[in-house]
Amino acid sequence: MRKLDLELAVGLFVIAGIVCLGYLSIKLGKMEVFGGQGYEIRAIFSDSGGLRSGSSVQIAGVEVGRVKKITLADYQAEIVIQLSQDVEIQEDAIASIKTKGLIGEKYVEITPGGAEEIIPPGGKIRDTQPPVDFEELVSQYVFGKVK
Amino acid sequence: MGAFLIKGVFCALTPPLKFYRFLKQLGFIGFQSTLVILLTGAFTGMVMGLQGFYTLTRFASEAFLGPMVALALIRELGPVITALMVTGRAGSAVTAEIGIMRITEQIDALELMGLNPYRYLIVPNLLAALIALPLLTAIFDVIGIFGGYVVGVKLLGVGPGTYFGEMVNYVDMEDITGGLYKSISFGVIIAWVCCYKGFYTGFGAEGVSRATTQAVVLSSVLILVWDYFMTSALF
């Protein structure tokens, strides 16, 4: 009986610990448990400043995917976006890098287009907009170039 | 001390393993520490919520309470406070147990019977601490985050969506794995120092009491020093 109690207690403890660990890594660490549901598309930006893998991808403010990988391709930033299965992106959609608030973190906003064709898995978004360089904007304002 | 650890690790990697002893130590180091970890975790998180709120209000950025509490807990406070609590609660008892076995010549008796005292005493503690520490740290982190939630959201009026939403934005997988690596290394430190001090205790009741004190002090100091080096290497 004592032996059973001990085994039960240790088992409960290990399960509780693993549940907490799972909660941390899935909820906060954004770990993909079921191996990336959905599909990937690519987009090439002239500047990906501040974007990180794991940044969110939104359409109309709703999160539809995450940035999976950022690499350098021909001196431009190529980002791979993991989208959920039920989201379709039109051929002429525009991907732009935006900032949450003034100093918040960067995310990718996709503005839907009107074309009939849908970007297939592995396809590429052609129209992209690099992030607004805030410092440059300020300096342009200071030197009077912004109308 | 180094040779002691190497011999312990070598015995842990090679069979046979005293599985029931290991289970018993896991129950002792892990399960029985859960209550104290729950209490300290909850109050650490709550005090972080309170202090963080008053600091962040000065910069009008209460929205960052969630990430602040979560990052502080996951990266630093969780592993360190858990390790210190386990040292105080279980490490001291391990030293005293092994020390008394030494002075009452039970370890010599084990050797005479042909039982390897490393396999019987050191390995179960080492493995148990190695497994128990990360799990306890995870429990501590989760309870602390909810403690911060109770204070920040229920008492001080930060939005619940803001608290968790910003937290999810700012906490990365590297923070969590970094905290886990820390807690695993702290587990090794605790088992190593406490077993060593007990194994080579002085004579008599006084010797055991001195060994216990030394074990707790040395492993607490080592944990904090090692934490500095881990942080500078990991993040």
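Residues numbered from 1 in each chain as written. Chains lettered and ligands numbered in written order. Predicted model: local features only at pLDDT ≥ 70, side-chain atom pairs only at ≥ 80, totals over all residues. Heavy atoms only, no water.

Caption draft 1: Quick look at helix α9 (residues 204–234) of chain B. Residues and elements named next belong to chain B. With 31 residues, α9 should cover 45 Å at 1.5 Å per step; its first-to-last C-alpha distance of 43 Å lies within 8% of that length. Every buried residue belonging to α9 is among Gly207, Val208, Ala211, Thr212, Ala215, Ser219, Ser220, Ile223, Asp227 and Met230, and all of these are buried. Buried residues along α9 sit in contact with α4 (65–103) and α8 (173–199). (Helix = DSSP H or I, 4+ residues; strand = E, 2+ residues; numbered from the N terminus. Expected span 1.5 Å × (residues − 1). Buried < 20%, exposed > 50% of the residue type's maximum accessible area, 1.4 Å probe, protein only. Contact = heavy atoms within 4.5 Å.)

Caption draft 2: Region of interest: the domain arrangement of chain A. Split into domains, chain A comes out as domain 1 (1–31) and domain 2 (39–133). Taking only C-alpha atoms, the centre of domain 1 of chain A and the centre of domain 2 of chain A are 38 Å apart. (Domains from an automatic or database assignment.)

Caption draft 3: The arrangement of the interface of chain B and chain A in detail. Tallying the contact residues gives 29 residues for chain B and 24 residues for chain A. When the two sides are added together, the surface that chain B and chain A hide from each other amounts to roughly 2400 Å², 77% of it contributed by carbon and sulfur. Taken together, the connections running from chain B to chain A amount to zero salt bridges. The tally of links from chain B across to chain A stands at zero residue pairs in polar contact (both at pLDDT 80 or more). Within the residue set of the side of chain B that touches chain A, elements represented by two or more residues are α2 (19–29), α6 (117–155), α7 (160–170) and α8 of chain B. Considering each element in turn, the side of chain B that touches chain A owes the most residues, ten residues, to α6(B). A breakdown of the residues in the side of chain B that touches chain A according to their chemical character gives 22 nonpolar, four polar and three charged. (Buried area = accessible area lost by both parts, 1.4 Å probe. Salt bridge = Lys/Arg side-chain N within 4 Å of Asp/Glu carboxyl O. Polar contact = N/O pair within 3.5 Å; in protein donor to acceptor, adjacent residues only side chain to side chain. Nonpolar A, V, L, I, M, F, W, Y, C, P; charged D, E, K, R; others polar.)

Caption draft 4: Quick look at the packing of α6(B) against α7(B). Residues and elements named next belong to chain B. Close contact between α6 and α7 brings their axes to 10 Å; oriented N to C, the two are set at 145°. The two elements α6 and α7 cross, and the hand of that crossing is right-handed. For the pair α6 and α7, the contacting residues are Ile145, Phe146, Gly148, Tyr149 and Val153 in the first and Pro160, Tyr163, Phe164 and Met167 in the second. Residues of the contact of α6 with α7, tallied by class, amount to eight nonpolar, one polar and no charged. (Axes fitted to C-alpha atoms, helices over the stretch in contact; angles between N-to-C directions. Left-handed = near helix turned anticlockwise from the far one by under 90°.)

Caption draft 5: Looking closely at the sheet that holds strand β6 (residues 106–111) of chain A. All names here are of chain A. Ordered in space as β7-β1-β4-β3-β2-β6-β5-β8, the eight strands form an open sheet in which the pairing is mixed. Pairing within the sheet leaves two strands with one partner each, and these edge strands are β7 (124–125) and β8 (127–129). Of the pairings in the sheet, the one linking strand β2 (residues 56–59) to strand β3 (residues 62–73) comprises four bridges and is antiparallel in character. Residue Ser56 lies in a different strand from β3, and its bridge partner there is Arg66. (Pairing = 2+ DSSP bridges.)

Caption draft 6: Spotlight on the pairing of β3(A). All names here are of chain A. Linkage of β2 to β3, two consecutive antiparallel strands, is achieved through a turn of two residues, within which Ala60 is found at a positive phi near 55°. Two strands pair when backbone bridges link them, and β3 and strand β4 (residues 76–83) are joined in this way by eight bridges, in the antiparallel orientation. Note that in β4 the partner of Thr71 across the bridge is Glu78. The loop that links β3 with its antiparallel partner β4 comprises two residues; one of these, Asp74, has a positive phi angle of about 55°.

Caption draft 7: Layout of the pattern of salt bridges. Here the structure, examined in full by the defined rule, presents eight salt bridges over all chains. Of the charged contacts, one joins A:Lys68 and A:Glu40 as a salt bridge, the two residues approaching to 2.5 Å between their closest N and O atoms. Taken together, the residues span a long stretch of sequence, with A:Lys68 in strand β3 and A:Glu40 in strand β1 (residues 39–45) at a distance of 28 residues. Under the relative-accessibility criterion, A:Glu40 is labelled partly exposed at 31%. Here the salt bridges do not stand alone but share partners, grouping B:Glu76, B:Lys182 and B:Asp227 into one network.

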